[in-house]
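This is what each chain is made of:
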Amino acid sequence: MYELDKLVMMCREEKASDIHISAGMPLMMRVHGRLVQTLAQPDEKETVEMLYTLLDDRQKAEFDNGHDVDFALQTSDGNRQRVNIFRQRGKIAATIRLLNNRIPTLQELHMPDLLYRLAEEPRGLVLITGPTGSGKSTTLAAMIEHINQTREDHIITIEDPIEYTYESKLALIHQRETGRDVTDFAAALRSALREDPDIILVGEMRDYETIMAALTAAETGHLVLSTLHTTGAAQTIERVIDACPTGSQNQARTQLAGVLKGVITQCLMPLASGDGRVAATEILLGTDAILNLIRENKSHQMGSMMQSGAGMGMHTLNMDLMRLVREGYIDRNTAYAYTNDRRDLEQYGI
């Protein structure tokens, strides 16, 4: 039988970020954002056996009942992977995200120094947003590790599944996995408020219950860090509000305006050299002016507010794309491929 350990290690040597395994189809990996075939090509029977051996009895029953299965897997080299097993055209398939055993620093990730300041906030809500595969979990882990090394606080993480594991340093860290340690994000958040936390990491704000529980936790004096699958700061604000029932949206807008410290949107793009990727960011800070726009439901004005707030550390995605082009990290075509406002980017003359 083909060994998953060997496959993962081989893909790590190729600097892959993801592996795509599908019974009866070529085995693919994503390297610097591009999909390529691997040298290894297990046959269909080997693929089925390899993926089924990853599942415990509970997960097999869940999968056989028609559900996708998410879990973390540690290979013999000590590295962890996030695994999603699913069916396509009646056959088993999997996507494996390769995680680093060592948590990188924000500096190593080339993230703005402002993220250190946000991690040092005593309370409030900080959101890391971006599309799937944009490095949100890694950025959050780097922020948590910075807190771990600098603050004597109690950190509770709620994840699905647990990706990075932490060794308590100055901080005390408890990590809870949904489906294993607790039923869901909202239930874990409600329990967390009775567990004397200073900081709560919520893997993803997926639904109304989780959003409201996160806002309440931030309101009651905790620092809450979480993620959303949005591609811009203004869109993030709208997504949080729109997830709430119509009758609760005004309340949610008021609560959000009372606790928001910052929104960091990021996307990973291939370097012009072709050897690696770099993150472009958009940063919105919870200034009085921004919070007032949230209360008044004027998120469409946030772009101009971020442009004028550059002195405080805010910037739009296009401002960062322009910087990355001018500094030679990415080329012009890449900037236009990742912009969320092509007309605005053209005004920067790149």
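For the structure itself, consult the block above.
Structural notes, computed from the coordinates. Quick caveat: nothing in here was measured; it's all calculated off a predicted structure.

### Brief notes about the overall build of the chain
Consideration 1: In terms of regular secondary structure, the chain is built from 14 helices and 13 strands.
Consideration 2: In terms of overall size, the chain behaves like a compact globule, its C-alpha atoms giving a radius of gyration of 21 Å where 350 residues would be expected to give roughly 20 Å.
Consideration 3: In terms of overall dimensions, the chain has a C-alpha envelope of 60 × 50 × 40 Å along the principal axes.
Consideration 4: Of all 350 residues assigned to the chain, the portion counted as buried reaches 53%.
Consideration 5: Expressed as a percentage of contacts within the chain between residues at least 6 apart in sequence, the contacts between residues at least 24 apart total 57%.
Consideration 6: Once the 36 positive and 49 negative side-chain charges of the chain are each reduced to a mean point, those two points are 4 Å apart.

### A look at the packing of aromatic side chains
Consideration 1: This model, assessed by the stated rule, comprises one aromatic pair.
Consideration 2: Relative to Phe 63, the ring of Tyr 52 lies with its centre 5.9 Å away and its plane at 75 degrees, an arrangement referred to as edge-to-face. Here Tyr 52 is found in helix α2 (residues 44–52), whereas its partner Phe 63 is found in helix α3 (residues 57–64), with 11 residues between them in sequence.
Consideration 3: A relative accessible area of 1% means that Phe 63 is categorised as buried.
Consideration 4: A cation over an aromatic ring shows up here: Arg 87 above the ring of Phe 63, its NZ or CZ 4.0 Å from the ring centre.

### Quick notes on the side chain of Glu 121
Consideration 1: Tracing the backbone shows Glu 121 in the loop between α4 (114–119) and β7 (124–129).
Consideration 2: One buried charged residue, Glu 121, remains without a salt bridge, the closest side chain of opposite sign being Lys 261 at 4.1 Å.
Consideration 3: What Glu 121 contacts, discounting residues up to four positions off in sequence, is Arg 151, Leu 223 and Lys 261.

### Some thoughts on the sheet that holds strand β11 (residues 223–228)
Consideration 1: The strand order across the open sheet built from seven strands is β9-β8-β10-β11-β7-β12-β13, with neighbouring strands paired in mixed fashion. Both edges of this open sheet fall to β9 (172–177) and β13 (277–285), since each of them pairs with a single strand only. Going across the sheet, the axis of each strand differs from the next one's by a mean of 15 degrees, ignoring polarity.
Consideration 2: Relative to β11, β7 runs parallel, the two being bridged by six bridges. Bridge pairing links Ile 128 to Thr 227 in β11.
Consideration 3: Across the sheet, helix α12 (residues 317–326) touches β12 (260–270) and β13, and the angle it forms with β13 is around 145 degrees.

### Some thoughts on the pattern of salt bridges
Consideration 1: Within the structure shown, the criterion is met by 18 salt bridges.
Consideration 2: In this structure, Arg 323 engages Glu 327 in a salt bridge whose closest nitrogen and oxygen atoms are separated by 3.2 Å.
Consideration 3: Accessibility expressed as a relative area gives 33% for Arg 323, which makes it partly exposed.
Consideration 4: Exposure remark for Glu 327: the relative accessible area of 46% places this residue in the partly exposed category.

### A short note on the packing of helix α9 (residues 249–259) against helix α10 (residues 288–295)
Consideration 1: Between α9 and α10, whose axes approach to 8 Å, the crossing angle comes to 175 degrees. Comparing their axes, α10 and α9 come out roughly antiparallel. Of the residues in α10, those in contact with Arg 253, Leu 256 and Ala 257 of α9 are Leu 291, Ile 294 and Arg 295.
Consideration 2: Among the residues forming the contact of α9 with α10, the class breakdown is four nonpolar, no polar and two charged.

### Here's the deal with α9
Consideration 1: Listed in full, the buried residues belonging to α9 are Gln 249, Ala 252, Arg 253, Gln 255, Leu 256, Ala 257 and Val 259.
Consideration 2: At its buried positions, α9 is contacted by β7, α7 (208–219), α8 (233–242), β12 and α10.

Definitions and limits used
Residues numbered from 1 in each chain as written. Predicted model: local features only at pLDDT ≥ 70, side-chain atom pairs only at ≥ 80, totals over all residues. Heavy atoms only, no water. Helix = DSSP H or I, 4+ residues; strand = E, 2+ residues; numbered from the N terminus. Rg over C-alpha atoms; globule rule 2.2 N^0.38 Å. Buried < 20%, exposed > 50% of the residue type's maximum accessible area, 1.4 Å probe, protein only. Contact = heavy atoms within 4.5 Å. Lys, Arg positive; Asp, Glu negative; His and termini not counted. Charge placed at Lys NZ, Arg CZ, Asp CG, Glu CD. Phe/Tyr/Trp six-rings, centres within 6.5 Å; stacked < 30°, edge-to-face > 60°. Lys NZ or Arg CZ within 6 Å of the ring centre and 35° of its normal. Salt bridge = Lys/Arg side-chain N within 4 Å of Asp/Glu carboxyl O. Pairing = 2+ DSSP bridges. Axes fitted to C-alpha atoms, helices over the stretch in contact; angles between N-to-C directions. Parallel < 35°, antiparallel > 145°, perpendicular 65-115°, else oblique. Nonpolar A, V, L, I, M, F, W, Y, C, P; charged D, E, K, R; others polar.

These figures capture arrangement, not role.
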